[in-house]
Amino acid sequence: MSGDRPSPLVIERILRDRGGIWQQIVAERDLNALTGRMLASSAIALACYGAVLGAFHSPLMALTSALKLPLLFLVTLAICLPTLYLFNLVFGARLSVRQSLALVMVAITVTSMLAVAFAPISLFFLITAPDYGFFKLLNVAILTLSALVGLRFLTGGMQVLNDNGLLAPEAANAHAPAQAQAPAQPAPVAVPAGSVPAAAPVAVQSAEPVAVPTGAAVAGSASNGAATAAPAPAQVPAQWTGQPAGTSFPPGYPAPHRPWEGRPVRRGEPTQRPASMTLLYVWILLFGFVGTQLAWTLRPFFGDPGKDFSFFRSIDGNFYAEILRTIGNL
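Just so you know, these numbers come straight off a predicted model, no measurement behind them.

Asker: Just checking my understanding: could you explain the nonpolar core for this structure?
Answerer: Within soluble globular proteins, side chains that are nonpolar generally end up buried alongside one another. Residues Leu154 and Trp283 are the most contacted members of the largest nonpolar core, which totals 54 residues. What Leu154 contacts, discounting residues up to four positions off in sequence, is Leu103, Val104, Ala107, Leu280, Trp283 and Ile284.

Asker: Can you walk me through the pattern of salt bridges in this structure?
Answerer: Working definition: two side chains of opposite charge can pair if their charged atoms are close together. The full count for this structure, using the stated rule, is 4 salt bridges. Linking Arg98 and Glu28 is a salt bridge whose minimum nitrogen-to-oxygen distance equals 3.6 Å. Here Arg98 is found in helix α5 (residues 97–117), whereas its partner Glu28 is found in the loop between α2 (18–27) and α3 (31–54), with 70 residues between them in sequence. The salt bridge involving Lys136 is made with Glu322; its shortest N-O contact spans 2.8 Å. Placement of Lys136 in helix α7 (residues 132–163) and of Glu322 in helix α10 (residues 319–329) is noted, with a sequence separation of 186 residues between them. Residue Lys136 is classed as buried on the basis of its relative accessible area of 7%. Using a relative accessible area of 17% as the deciding quantity, one classes Glu322 as buried. Bridged by salt links that share partners, the residues Lys136, Glu322 and Arg325 form one connected network.

Asker: Would you mind going over the environment of Leu39 with me for this structure?
Answerer: Within the secondary structure, Leu39 is located in helix α3. Taking the relative accessible area as the measure of exposure, Leu39 reaches 37% and is therefore partly exposed. For Leu39 and Met105, which are 66 residues apart along the polypeptide, the C-alpha to C-alpha distance reads 7.0 Å. What Leu39 contacts, discounting residues up to four positions off in sequence, is Leu74 and Met105.

Asker: When you look at the packing of helix α4 (residues 59–90) against α5 in this model, what are you seeing that I'm missing?
Answerer: Packed helix pairs are characterised by how far apart their axes lie and by the angle those axes make with each other. One can describe the packing of α4 onto α5 by two numbers: an axis separation of 10 Å at closest approach and a directional angle of 140 degrees. In terms of axis orientation, α4 runs oblique to α5. Judged by the twist between their axes, the crossing of α4 over α5 is right-handed. Across the interface between the two elements, Phe73, Leu77, Leu81, Leu84, Tyr85 and Asn88 from α4 touch Val97, Ser100, Leu101, Val104, Met105, Ile108 and Thr111 from α5.

Asker: Even after reading the chapter, I still don't get a nonpolar patch on the surface, so can you show me in this structure?
Answerer: Together, Leu60, Leu63, Leu67, Phe309, Phe311 and Phe312 make up an exposed nonpolar region whose accessible area comes to about 570 Å². Take Phe312: it is sitting in the loop between α9 (275–298) and α10. Taking relative accessible area as the criterion, Phe312 reaches 41% and is therefore assigned partly exposed.

Asker: When you look at the side chain of Thr35 in this model, what are you seeing that I'm missing?
Answerer: Along the chain, Thr35 falls in helix α3. Take Thr35: its relative accessible area is 13%, and that puts it in the buried class. In terms of polar contacts, Thr35 uses its side chain to reach the backbone carbonyl oxygen of Leu31, at 2.7 Å. What Thr35 contacts, discounting residues up to four positions off in sequence, is Leu101, Ala102 and Met105.

Asker: I tried to follow the environment of Asn318 on my own but got confused; where do I start?
Answerer: Take Asn318: it is sitting in the loop between α9 and α10. On a C-alpha basis, the gap between Asn318 and Gln293 in space is 7.1 Å, while along the polypeptide they are 25 residues apart. Here the side chain of Asn318 touches Tyr320 through a polar contact of 3.1 Å, landing on its backbone nitrogen.

What counts, and where the lines are drawn
Residues numbered from 1 in each chain as written. Predicted model: local features only at pLDDT ≥ 70, side-chain atom pairs only at ≥ 80, totals over all residues. Heavy atoms only, no water. Core = buried A, V, L, I, M, F, W, Y, C linked by side-chain atoms within 4.5 Å. Buried < 20%, exposed > 50% of the residue type's maximum accessible area, 1.4 Å probe, protein only. Contact = heavy atoms within 4.5 Å. Salt bridge = Lys/Arg side-chain N within 4 Å of Asp/Glu carboxyl O. Helix = DSSP H or I, 4+ residues; strand = E, 2+ residues; numbered from the N terminus. Axes fitted to C-alpha atoms, helices over the stretch in contact; angles between N-to-C directions. Parallel < 35°, antiparallel > 145°, perpendicular 65-115°, else oblique. Left-handed = near helix turned anticlockwise from the far one by under 90°. Patch = residues over 30% accessible without salt bridge, like charges linked within 9 Å, V, L, I, M, F, W, Y side chains within 5 Å. Areas by Shrake-Rupley, 256 points an atom, 1.4 Å probe, with all protein chains shown as cover. Polar contact = N/O pair within 3.5 Å; in protein donor to acceptor, adjacent residues only side chain to side chain.

This is the structure we're talking about:
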């Protein structure tokens, strides 16, 4: 059916079927094709948004900004990706390089597509309120908001990998034997019809055994001579398969099951966050610092209308001081 066809836009698949994206990354299925599509989509979207930024100065600045904005994100990724991968290896995670790259590319794709969605708003203020300081702060805010949303997708994907045991395999392996050693529910006891107590005479002998569920006692015989089972005591909760203390059992009766022994950790109970998730937030801060410093190195993106066109500016000051200075001038 046409409704089952995958969307040609990778961003639409990420937003509509993010669970499928995470599972594809977990299984390492067709990651090369997925990463390639995200890389192409991000580069095109960032180039379009960069052209809007540079249009404030001149068409030539728009062209150079269209080249430098995708370069900013991809070079930042190339600088920071080895750190993320090594962080995971040091703390026992089982992420491969392709999985790490695909996860970060999901965040960059969401960031770039959200930024290009804001491009008409940026262009509107460029036409109606061409103030250099305001335009610069507006687009810095747009890129910051887009990056925060993209990083939220990154943390969500890492959490899915954590649930699948890729971030803390030692915890998953330690939990598996505990579940395997949990006592299984005893099978029903087969009581032949001829073994009914003497107080209950058997009218018709039958060779077929009668299954008596766990927790039931042999009470008597039915009209056909088969043993009947009495219900478990009312004070015993229904989810227990064992008997209360002091209960006597017939010979051969299975040992009672204690449901509190070997109880696995339930989903709602608090668990310790793996070290890889903690280091992910450290890596995000590192990614942000590297990105902002690289943006300062690759400037100008907007182009000061009081200066001539130049492909690069001299490296003096820093990004944060420039933003504070711009806010002060407003």
